[in-house]
Structures are given as structure tokens and as C-alpha cells.
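Summary of the model geometry
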Amino acid sequence: MAAVRRFLRRLANLVLPDRAESELARELDAHLALVSDELERRGMTRDDARLAALRAFGSVARAKDLHREARSFAWLDDIRQDIGYALRMLRRSPGFTSVAIVTLAVGIGLNTAVFTVTNATLFKGFPLVHRNDRLLYLTSGPGCCVSYPAFEDWRAQATSFSGMAIVHGVQRTLSDQSGFAEQYEATEVSADTFRVAGQSPMLGRDFSPADDTPGARPVAMLSYGFWDRRFARDPAVVGQSIRISGTPTTVIGVMPRGFSFPQRVDLWVPLVPTPEVRHRENRDTWFVFGRLRDGVTVEAARAEMTTIGRRLEIAYPETDRGFLPVVARFHEFFIGSSATSIYQAMLGAVSFVLLIACANLANLLLARAIGRVRETSVRLALGAGRWRIVRQFVIESLMLSAAGGFVGWWMAKWGVRTYTVFASGSGLSPDIRGTWFDNVLDYSPDFRVFAYLAAISIGTGLLFGLAPARRLSKLDVNAALKDGRGGSRGHGGRLSGLLVALEMALAIVLLAGAGVMIRSFWNVYTADVGFKAENVVVALLSLTGDRYRTRDAQTAFFDDLTTRVSTIPGVESVSVGALPGGGAQRIAYEIEGTPTLDDQRRPRLWGSTIGSGYFATLGVSLLSGRDFNDTDRPSAIQVLIVNERFAGRHWPGQNPLGKRLRLFRGRTPGPWMTVVGVASNVAQNDPLQPDANSLVYLPFRQAPRPDSWIVARTRVPPGTVSAGIRDEVRAMDATLPIPLGPFALVDRMADRYRYRAITGVLFLTCAAVALLLASVGLYAVVSHSVSRRTQEIGIRLAIGATARDILALVFRQGLLPSAAGLAIGLAAAYVVNRALEAQLVQVSPADPVALVASSAVLALSAVLGCWMPARRAMRVDPVVALRHD
Amino acid sequence: MASEQKPRVELLQGTLDLIVLRSLGTMGPQHAYGLAARIEQVADHPLALNQGTLYPALVRLEQKGWIKGAWQRTQNNREAKYYSLTKTGFRALKHETERWRRLAGLVDKLLLQEP
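Residues numbered from 1 in each chain as written. Chains lettered and ligands numbered in written order. Predicted model: local features only at pLDDT ≥ 70, side-chain atom pairs only at ≥ 80, totals over all residues. Heavy atoms only, no water.

1. Notes on the overall build of chain B
For chain B, the helix and strand inventory stands at four helices and three strands. Listing every helix and strand of chain B by position from the N terminus yields α-β-α-α-β-β-α. The contacts in chain B between residues at least 6 apart in sequence include a share of 48% that link residues at least 24 apart. Taken as a whole, chain B presents about 7500 Å² of accessible surface, with 54% of it coming from carbon and sulfur. (Helix = DSSP H or I, 4+ residues; strand = E, 2+ residues; numbered from the N terminus. Contact = heavy atoms within 4.5 Å. Areas by Shrake-Rupley, 256 points an atom, 1.4 Å probe, with all protein chains shown as cover.)

2. A closer look at the environment of B:Gly65
Checked against the element boundaries, B:Gly65 lands in the loop between helix 3 (54–64) and strand 2 (67–73). Through-space distance from the C-alpha of B:Gly65 to that of B:Thr86 is 7.2 Å; in sequence the pair is 21 residues apart.

3. A look at the nonpolar core
Residues and elements named next belong to chain A. Within the largest apolar cluster, 64 residues are counted, with the highest numbers of intra-cluster contacts made by Phe 763, Cys 766 and Ile 793. For this core, the elements supplying multiple residues, two or more each, are helix 6 (94–124), helix 13 (337–371), helix 15 (386–423), helix 18 (489–526), helix 23 (745–788), helix 24 (790–798), helix 25 (803–836) and helix 26 (848–874). Not counting chain neighbours up to four residues away, the residues in contact with Cys 766 comprise Leu 110, Ala 349, Val 350, Val 353 and Leu 510. (Core = buried A, V, L, I, M, F, W, Y, C linked by side-chain atoms within 4.5 Å. Buried < 20%, exposed > 50% of the residue type's maximum accessible area, 1.4 Å probe, protein only.)

4. Examining the sheet that holds strand 1 (residues 30–31) of chain B
All names here are of chain B. With respect to topology, three strands assemble into an open sheet ordered 1-3-2, the strand pairing being antiparallel. The two strands at the open ends of the sheet, each matched to only one other strand, are strand 1 and strand 2. The pairing of strand 1 with strand 3 (residues 79–85) spans two bridges and is classified as antiparallel. Note on strand 3: the bridge partner recorded for His 31 is Tyr 82. Against the sheet, helix 1 (residues 15–27) touches strand 1, strand 2 and strand 3, its axis set at about 95° to strand 3. (Pairing = 2+ DSSP bridges. Axes fitted to C-alpha atoms, helices over the stretch in contact; angles between N-to-C directions.)

5. Some points on the packing of aromatic side chains
All names here are of chain A. For the coordinates displayed, the defined rule picks out 27 aromatic pairs over all chains. Consider the rings of Trp 409 and Phe 450, whose centres lie 5.0 Å apart with planes at 45°: the pair is tilted. Of this pair, Trp 409 sits in helix 15 while Phe 450 sits in helix 16 (residues 447–473); the two residues are 41 residues apart in sequence, bridging distant segments of the chain. Where Trp 709 meets Phe 743, the ring centres are 6.1 Å apart and the plane angle is 70°; that geometry is what we call edge-to-face. Of this pair, Trp 709 sits in strand 21 (residues 707–714) while Phe 743 sits in strand 22 (residues 740–744); the two residues are 34 residues apart in sequence, bridging distant segments of the chain. The exposure classification of Trp 709 matches that of Phe 743, with both residues buried. (Phe/Tyr/Trp six-rings, centres within 6.5 Å; stacked < 30°, edge-to-face > 60°.)

6. Things to note about the pairing of strand 17 (residues 660–665) of chain A
Residues and elements named next belong to chain A. Across three bridges, strand 13 (residues 585–591) lies against strand 17 in antiparallel orientation. Paired with Tyr 589 across the strands is Leu 663, a residue of strand 17. As defined by bridge partners, strand 17 adjoins strand 18 (residues 668–669) across two bridges and the pair is classed as antiparallel. By the bridge assignment for strand 18, Arg 665 is matched with Thr 668.

7. Quick notes on a nonpolar patch on the surface
All names here are of chain B. On the surface, Trp 100, Leu 103, Leu 106, Val 107, Leu 110 and Leu 111 cluster together into a nonpolar patch covering about 560 Å² of accessible area. Within the secondary structure layout, Trp 100 lies in helix 4 (residues 87–113). Relative accessible area serves as the criterion here: at 36%, Trp 100 is assigned to the partly exposed category. (Patch = residues over 30% accessible without salt bridge, like charges linked within 9 Å, V, L, I, M, F, W, Y side chains within 5 Å. Salt bridge = Lys/Arg side-chain N within 4 Å of Asp/Glu carboxyl O.)

8. Quick word on helix 3 of chain B
Residue and element names in this part refer to chain B. Most of helix 3 sits out of view: eight of its eleven residues are buried. Residues of helix 3 that are buried include every one of Leu 54, Tyr 55, Pro 56, Ala 57, Leu 58, Val 59, Leu 61 and Gln 63, and no others. A positive backbone phi angle near 80° is found at Gly 65, which sits one or two residues after helix 3.

9. Some points on unusual backbone geometry
Residues and elements named next belong to chain A. Unlike most non-glycine residues, Arg 233 shows phi in positive territory, near 55°. Looking at the secondary structure, you find Arg 233 in the loop between helix 9 (224–231) and strand 6 (241–244). On the basis of relative accessible area, Arg 233 is assigned to the partly exposed category, the value being 43%. Backbone geometry places Asn 535, a non-glycine residue, at a positive phi of 60°. Relative to the elements of secondary structure, Asn 535 occurs in the loop between helix 18 and strand 11 (536–542).

10. Considerations on the pattern of salt bridges
For the structure on display, the rule yields 28 salt bridges over all chains. Across the pair A:Asp632 and A:Arg626 runs a salt bridge whose closest N-O atoms are separated by 3.0 Å. Its salt-bridge partner being B:Asp17, residue B:Arg60 comes within 3.1 Å of it at the nearest N-O pair. Here the residue B:Arg60 occupies a position in helix 3, and B:Asp17 occupies one in helix 1, the gap between them amounting to 43 residues. The buried category is assigned to B:Asp17, whose relative accessible area is 8%.

11. Let's talk about the confidence of the model for chain A
Residue and element names in this part refer to chain A. Put simply, chain A has an average pLDDT of 81, and 86% of its residues get 70 or more. When the criterion is pLDDT under 50, residues 426–437 qualifies, and its contacts beyond four places in sequence or with other chains add up to 32 contacts. Low confidence marks residues 486–491, where pLDDT is under 50. Its contacts with residues over four positions away, or in another chain, come to six contacts. (pLDDT = per-residue confidence, 0-100.)

12. Topic: the packing of helix 25 of chain A against helix 26 of chain A
Residue and element names in this part refer to chain A. As a packed pair, helix 25 and helix 26 sit with axes 9 Å apart at the nearest point and diverge in direction by 160°. Overall, the two elements helix 25 and helix 26 adopt an arrangement that is roughly antiparallel. With respect to the hand of their crossing, helix 25 and helix 26 are arranged in right-handed fashion. Contacts between helix 25 and helix 26 involve Ala 803, Ile 806, Leu 807, Val 810, Phe 811, Gly 814, Leu 815, Ser 818, Leu 822, Leu 826, Ala 829 and Asn 833 on the former and, on the latter, Leu 851, Ser 855, Leu 858, Ala 862, Val 863, Cys 866, Trp 867, Pro 869, Ala 870, Ala 873 and Met 874. Grouping the amino acids of the contact of helix 25 with helix 26 by side-chain chemistry returns 19 nonpolar, four polar and no charged. (Parallel < 35°, antiparallel > 145°, perpendicular 65-115°, else oblique. Left-handed = near helix turned anticlockwise from the far one by under 90°. Nonpolar A, V, L, I, M, F, W, Y, C, P; charged D, E, K, R; others polar.)

13. A closer look at the pairing of strand 5 (residues 219–222) of chain A
Residues and elements named next belong to chain A. Residues Val 219 and Met 221 line one face of strand 5 and the alternating positions Ala 220 and Leu 222 line the opposite face, and both faces are buried. As paired elements, strand 5 and strand 7 (residues 247–254) share four bridges and run parallel to each other. Along strand 7, the bridge assignment pairs Met 221 with Gly 253. With two bridges connecting them, strand 5 and strand 8 (residues 267–270) associate as antiparallel partners. Considered in strand 8, the bridge of Met 221 is made with Trp 268.

14. Quick look at the side chain of A:Asp632
Residues and elements named next belong to chain A. Its place among the elements puts Asp 632 in the loop between strand 15 (622–625) and strand 16 (639–643). A polar contact of 3.0 Å, which involves the side chain of Asp 632, links it to the side chain of Arg 626. Apart from the residues within four sequence positions on either side, Asp 632 is in contact with Arg 626, Val 639, Pro 699, Arg 701 and Gln 702. (Polar contact = N/O pair within 3.5 Å; in protein donor to acceptor, adjacent residues only side chain to side chain.)

15. Some points on helix 3 (residues 46–57) of chain A
Residues and elements named next belong to chain A. If you check helix 3, its first and last C-alpha atoms are 16 Å apart, about what twelve residues at 1.5 Å a residue would give, namely 16 Å. Taken together, the buried positions of helix 3 are occupied by Ala 49, Ala 52, Ala 53, Ala 56 and Phe 57. All buried residues of helix 3 project into a common sector of 135° when viewed along the axis, lining one side. Residues of helix 3 that are exposed and point more than 90 degrees away from the buried face comprise Asp 47, Leu 51 and Arg 55. The first or second residue beyond helix 3 is Gly 58, which carries a positive phi of 85°. (Expected span 1.5 Å × (residues − 1). Arc of directions from axis to C-beta.)

In C-alpha cells form, the structure reads like this:
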């Protein structure tokens with residue numbers, strides 16, 4: 001208690017020093033008055049008494065000082081003094097100060113930005129979800145997805161979770177009194193989803209257990225964004241009925257703003273376990289999530305779920321054998337382990353940049369410290385403690401790093417904003433926003449980001465400040481005062497040489513990393529996808545409503561639309577079909593002449609439904625046979641086109657034309673279909689492996705679909721015909737939504753390698769900054785040493801050294817540490833690149849092009865860094881130099 | 001004058017606090033000069049300590065809550081800050097006195113034993 005009170009009083013005195021000070025002055029006056037009164041009474045004159053009183057008292061100033069020290073935090077005063085001194089020192093050399101702050105700001109800013117993104121992606125989880133770290137995501141593996149009965153068993157048997165819910169994403173059409181239809185994202189969830197997530201609606205009521213029982217009255221929960229967009233935040237919408245895919249549904253509530261779980265969601269509806277959903281083999285819900293009970297570890301939950309899974313395997317051998325629960329944390333489930341490692345790699349890259357920045361500053365401060373030897377020796381000689389000297393220097397560097405952190409914070413904010421624009425693709429068409437999590441994740445900084453910023457700012461300040469400070473505090477005062485230069489040249493030179501080598505090594509690691517990342521990106525970017533995406537515009541149409549129920553109506557609609565779009569000026573050719581590189585369906589099949597297998601073992605192919613002219617529109621070549629045409633009616637002989645890969649696999653060395661196969665719908669075989677053409681391979685799911693997937697094409701006329709892409713090749717920029725396509729669709733059916741597009745196919749392609757592009761750009765930025773810092777650092781060290789050795793160079797010249805000798809002298813000093821750094825760095829680069837291997841596409845971690853190119857760049861910059869000071873050294877005039885102090 | 005001076009007694013760290021406490025304990029409320037005079041009287045030497053050095057000790061004790069100061073008038077109608085012991089101050093005085101006795105006793109014993 002007493003300690004606390006003392007502390008508080010001292011604090012009060014620190015804040016209000018004037019009160020204590022005037023109180024003390026009054027007390028001292030009173031004291032002196034009392035003494036002189038006493039002395040006067042003993043017979044002294046007033047003046048004598050006054051003087052004697054002062055003598056008896058001792059030094060008033062010292063008493064005040066002691067008093068001050070006792071009542072307040074003296075060291076805080078000292079630090080205030082140190083800070084003032086540091087500010088003056090920094091202000092006196094604005095060049096050095098701004099270089100230091102900018103260097104630090106770049107390093108700290110890069111780190112904070114990357115940490116903010118990593119934090120949002122890996123650690124923060126969903127916004128407005130309670131204790132994200134206690135939520136686990138479950139699916140059954142291998143592969144994906146959970147059957148509803150399995151979920152029910154898990155929920156009933158698992159004791160590790162305090163709650164468990166299931167998520168099933170669907171897209172539906174909404175219409176209400178206003179008449180127009182809108183496609184939106186609905187997510188089917190079990191009724192206790194919000195309770196498990198730990199968030200309740202801001203308006204209306206939560207789902208109740210009755211809502212997800214079969215036969216319940218349909219209800220829906222709105223997201224804030226949707227409520228805002230569609231209902232203008234009208235609270236009266238709660239309780240109203242809206243039509244969802246034709247079904248009247250009551251709105252029961254609105255979730256708070258920003259809550260978007262577990263994807264970008266417009267509204268949530270209960271997942272009602274209909275008999276269809278309750279099939280054990282129907283494994284098509286997205287995932288299950290559960291909240292860990294207090295005190296239960298992830299490992300324990302994992303172990304329990306495995307036990308339950310084994311039990312279910314035995315209980316339901318036909319459907320559940322081979323499927324075990326997979327329990328994952330947020331980032332394991334949504335981001336995946338390879339993406340996790342890319343974030344680690346990015347953090348690693350930016351921390352290298354920060355290290356280089358530190359090394360650079362340490363070198364700059366070392367150089368300055370040498371300039372301040374005399375000042376420091378005077379202070380030491382006058383009795384300053386070594387600790388005080390160290391503290392002075394550390395405070396100076398901490399102030400630099402704090403300023404750097406401040407500026408870096410703004411740079412980081414800017415960087416994160418750029419990243420989110422880039423990553424969410426909002427620079428592109430809004431329809432092709434990328435992966436789900438960019439729309440969900442919250443990139444705003446939280447306490448972790450601020451803690452990180454503070455930690456690296458203080459950490460760097462200590463890191464680059466301590467070395468020069470320690471060196472100065474060990475000065476030999478006598479020697480230093482005599483020669484004024486400190487004399488310990490050897491030690492300082494060695495340390496700065498080491499720092500240069502370190503910078504070079506880190507820079508080469510970053511350069512080599514950026515090199516392989518860019519090579520890898522280039523491989524993805526230029527990979528032959530098997531079709532020509534330039535000048536192609538696409539739009540997805542989804543025929544909903546009674547008008548389009550029949551296959552004839554679907555065929556007629558798309559026929560009509562293709563004809564209409566082909567008349568838009570600038571359009572060269574039009575077709576319909578699934579987009580290349582995704583959109584094919586998995587279908588069981590059987591080739592004529594092969595034995596009929598049972599259901600479980602029947603092979604599956606990827607099938608894509610397309611209209612005639614599809615290959616011409618997308619620039620896919622037809623290798624043999626014919627394209628689909630108008631004669632391929634439903635009543636005619638059933639035909640299909642296979643791709644080269646499919647033909648090669650099933651009929652090697654034979655002519656595939658005329659071969660037959662049939663597809664299965666469930667267990668029912670369809671009619672035999674005849675191969676009428678062979679198309680060249682198109683990259684399906686992985687653009688890097690154009691021949692990985694065998695693919696067959698089915699004619700739209702014989703296998704029409706209610707949803708399909710319309711694909712148009714244009715002679716003009718694809719964007720310019722988008723409005724025309726939209727108009728034609730509206731002219732045919734004003735209420736028909738266009739869920740995706742129209743947009744250029746290349747933009748959608750860009751989506752695929754956007755993450756590679758982002759990491760590539762980041763690595764390149766880091767490498768460029770690192771190279772710049774390292775070469776500036778080298779330049780500064782060499783240049784500084786040349787100016788310190790002007791006299792020596794003068795003597796050398798005077799006794800007959802040639803310009804070449806001087807050149808060699810300077811270059812040796814700069815290039816030796818650079819070469820050492822290069823050698824160490826190359827070895828380290830190989831190790832680091834090995835860690836990046838999972839991210840690399842068709843590039844070896846020891847890619848000679850990347851390694852040689854980055855070494856060359858680094859060597860060149862090292863030579864440049866030495867060249868300028870070397871030229872200055874050669875121009876030294878011996879006569880002037882010898883007089884130089 | 002100079003010949004009269006005895007060598008100055010350097011006070012041990014912390015002893016001044018005990019002296020102040022003890023003086024206040026026996027004399028009751030007292031101002032700084034009164035304390036200084038009392039100490040000089042006991043020490044039998046007018047220059048045993050600079051009166052100014054009393055002040056840090058007073059602040060320390062006040063911060064510990066052992067004494068508290070209040071402005072009053074002296075008999076000669078001068079204003080002065082009178083310090084008095086608080087309740088914790090009395091306890092501390094007892095405690096510190098014991099501690100001092102133990103320490104002094106120990107040092108005494110050591111000094112007697114060593115040749």
C-alpha cells in the first residue's frame with residue numbers, strides 16, 4: 001500500500017511539478033527566516049544573521065535538487081533530457097534523420113502490412129464470431145463433404161464440442177412484391193448455427209430448433225448488407241413474407257453488420273433434412289463446424305472424432321467405409337496448408353527487408369558514432385556514466401525507430417488497402433470477385449497488429465542502436481581525446497564489413513526467391529491453356545421459372561439468344577456451353593465393349609455440354625471428325641465429341657470416330673452415344689496440365705441445361721459488347737437474372753493466377769527494396785571509409801601509388817564483404833527456395849537462371865556502390881589531403 | 001573557529017530517517033529547523049549536518065506516509081511547516097528502532113571481537 005501511495009505521489013509530482021516546487025520554496029524561506037530570527041535574538045545583525053542562516057543551511061540549490069530527486073522519478077527527468085538532446089541531434093542532421101526514418105518506415109511498413117493480411121487470413125477468423133480460435137471445421141475425408149446422417153451421429157456422440165452445426169451453400173432466386181427477380185447467395189444452415197458462432201440477430205429472432213424440422217414453415221434470416229441493399233434497412237421487413245425460388249418465406253430477423261458466416265451471404269435459411277438430404281451416401285453438404293467445449297484441446301477433439309468415425313465405418317460399412325472425420329482449424333480448413341506456407345514465406349521475406357534496414361542503420365550510426373567520438377569522450381571525462389552514454393544513444397535510435405514506425409504505419413495502411421483491392425479483384429469486374437474469403441475477411445487492424453507494430457518498432461530501435469552505443473561506451477577516453485578520432489578503426493571497420501556482408505546475403509536470398517517466384521508466375525501465365533481467351537466475352541444465364549421447364553424451351557431460349565447476340569455489332573461468333581477451365585461435370589460412363597462394372601467401381605469422366613460453334617468461338621481446334629450441328633436433334637442418333645486425351649487413353653492407336661460409349665444417370669444407363677469428333681486438349685481444372693483431364697463434349701441440343709454460359713468472340717474489345725448482351729437478354733425476358741457477367745474471359749483467367757501475381761509482386765518489391773538498401777549501405781560504408789582515409793590515400797599517392805592501386809584499395813574494401821555475403825547468401829537462398837518449393841510451378845528451387853541473374857544484379861550493384869567512392873578516392877590531391885585533418 | 005571543529009559524522013544511509021522519526025516521536029510536531037536544531041543539540045555540534053539535507057528525508061518519510069506536514073504559526077508568529085508522526089509512523093519508529101538496535105549490536109560485537 002505504502003509503495004503504491006508513494007508511487008502515486010511521485011506521479012502527481014511529475015505531472016504537477018510546480019506545486020511541489022513552490023511549496024518547497026515557501027518551506028525553505030520559512031526555514032531560513034526561523035534560523036535568522038534565532039541568530040538575531042542571540043545578537044547578530046539582521047544581515048549577518050541571514051548569511052549565517054544560509055551557511056548553516058548549506059546549498060539551497062542542492063537541497064532543492066535532492067528534494068526533487070526524492071519526490072519524483074529523477075530518471076524520468078533524465079530521460080526527458082535525453083530525449084530533448086536526441087531531438088536536437090537528429091534535427092541538426094536532417095539528411096541522416098530522413099534517410100533513417102524512410103529506411104525504417106519502408107521496413108516496418110512492409111512488415112506491418114504483410115502481418116495485417118496474414119493476421120486477417122490465418123488468425124482472426126470470421127468477423128463478429130465469438131472466440132474464433134475455439135471453432136473447428138469438420139468434413140469427412142478423403143475428399144470433401146459430409147452426409148447429413150453422419151453429422152447427426154457426430155453431434156449426438158461427440159463430447160468435445162459444446163455445439164455443432166452444418167452448412168450447405170446454395171444459390172436461389174428471390175422475388176417479392178416489387179416484381180423483379182434477383183439471384184443472391186443463400187446459405188442453408190442448421191438452426192443452431194448462430195448460437196454456435198456466438199452471435200445473435202440485431203433484429204428479430206434467431207432460428208429455433210423447430211425451424212429445421214421437416215414440414216416447418218419456411219423462414220429466412222437476412223444479412224445486414226442484403227437488408228440494406230434490398231429493403232433499405234426497413235425494420236418492418238421482419239415478419240414479412242418474401243418468395244424464395246417460388247416458396248413464400250417469412251423473414252425472421254437481420255444479422256448485425258459485418259457478420260458474414262461462413263461465406264459472403266445474402267441470407268440464411270434453415271437446412272431442412274428432407275428424406276433426400278438424409279441419405280447416408282448423399283455426401284453433399286459443405287461442412288460441419290463445432291465449438292470446442294472449455295478446456296478441450298484440438299488434439300483431443302481430433303482423437304474423439306476419429307474414434308466416432310471408426311465406429312460409423314463399422315455401423316454403416318456400405319456408405320461410410322473409408323470416410324473419416326477431418327477436423328481442421330480455420331486456416332487449415334479455409335486457406336489450406338500450402339497457402340499457409342505462402343503467408344509464412346511472405347512474412348519471412350519482409351522480415352529480411354527489415355533486417356537489412358537494421359543493418360543499414362547500424363552502419364550509418366556506426367559511421368556517425370565515429371564522428372561523435374570526441375563529444376562522447378568529453379562527456380565521459382566529465383563524469384557521465386557509461387550506462388548514461390549507452391542510454392543516450394539507444395534513446396536516439398528508439399526515437400528514429402518510433403518515427404519510422406509511425407510513418408510505416410501509414411505506409412502499411414496504404415499497402416493493405418492496395419492489397420485488398422487487388423486480392424478481392426474489385427479492380428476487375430465486380431462479378432468475378434475472387435475466392436470467398438476476400439469478401440469475408442476483415443483486414444482492419446486489431447490489437448495483434450498494433451502489438452506487432454510496437455514490438456518491431458522497439459525491437460529494431462534496440463537492434464540497430466545497441467551496437468554503436470556499446471562501441472562508444474567502451475571508448476578509451478585518453479586516447480580518444482588526444483587524437484580526436486577514436487583510433488579503434490579496425491574494430492569499427494570489421495563490424496561494418498560484417499554488416500555489409502549480412503545485408504548482401506539477405507538481399508541475394510530475396511532476389512533469388514523473387515526470381516523463382518516470378519519464373520513460376522510466368523510459367524502459369526504463359527501456360528498453353530488450349531484455348532484463346534482474348535476477345536471473348538462470357539455471361540452465365542440461369543433459366544428459372546415455369547416458362548423454361550421443358551428441354552425444348554431451354555434449347556429454344558439459347559438458340560434465340562445466340563442468334564440475337566450474333567447480330568450485335570463487333571461480335572464474330574457466338575455459342576453456349578460450360579466455360580473452359582472449370583464447369584465440367586463428373587459423370588459415370590461405360591465404353592462399348594468393356595465389361596459392365598458395378599456402380600461403385602464405374603469410372604467417371606468430365607463432361608461438358610456445348611453448342612455448335614463452341615470450338616471456333618474459343619479457338620479450340622477440331623482434330624478430326626465434325627463439330628455439332630443442327631442435325632443433332634434429341635430424336636437423332638446421340639453423338640459426342642471427345643478430346644485428344646480421352647481418345648488416346650481409351651482407343652490408343654485407333655480411330656476414335658464411330659466408337660460408342662454411354663453415360664449413367666444414377667444407376668440408369670443412357671443411350672449409346674457415337675463419337676463424331678476429336679477436339680484438342682483444353683486445360684480443365686489446372687491450367688498447367690492441359691492434358692491432365694480427359695474430357696468429353698455433349699451437344700447442347702441433345703442434353704440441354706437450364707443454366708449455361710453464353711460465349712462470344714468479338715472483333716472489338718470485349719467490354720464494349722457487354723451492354724448489348726444484357727439488352728438482348730432483357731428483350732427476351734425482363735425478369736431473367738444474369739448471375740455472372742458479362743465480362744471478358746481473360747479477367748476470369750486472371751482470377752486464377754492473381755494470388756501468384758500478388759506474392760510475385762510482393763517478393764519482387766522486397767527484393768528491389770533489399771537491393772536498394774544493401775547497395776546504398778555498401779556505398780555509405782565505402783564512401784565513409786574513403787573520406788576517413790583521405791589522408792592515408794594522400795600519403796599513398798605521394799609515395800607513388802597509382803590511381804589503379806587506390807582503386808584496388810577501395811574496391812577490395814567494398815567487394816570483399818559483398819563477395820562473402822554473396823557466397824553465404826547463395827547457400828541460404830537454396831535452403832529458403834526449397835521451403836518455397838510447394839509454391840513453385842515448373843521451376844527448381846536451385847533454378848540456375850534465377851540464381852545467376854540475382855547474383856549478377858547484386859554484383860553489379862556492389863560494383864556501382866564502390867565505384868562512386870572509388871572515383872572520389874582517385875581524385876584525391878595529395879597536397880590537399882596531407883593538410884587535411 | 002576551525003580548531004573547534006570535530007570531524008564531521010557522515011550519516012549512514014537511512015539513519016537520518018530514523019533520527020527524524022525519533023525526534024518527532026519524542027518532541028511531538030516540529031518544523032524542519034526545529035528538527036535540525038534538535039539534532040545539532042544531540043550531536044553536540046552545530047555543523048554536524050547541512051540543514052538542507054533534512055528535506056529529502058522529510059519528503060521520503062512523507063511519501064511513505066510515516067509523517068505528515070501542516071502549515072502553522074510559530075510563537076513568534078512566523079509561518080512554518082510542522083511535521084508530526086502518523087499512526088504508521090509510530091509503528092515504523094518502533095520497528096526501525098529495533099532493527100537499528102540489532103544492527104548496531106551486531107556491529108558492536110564484531111568491533112569488540114576483532115583485534
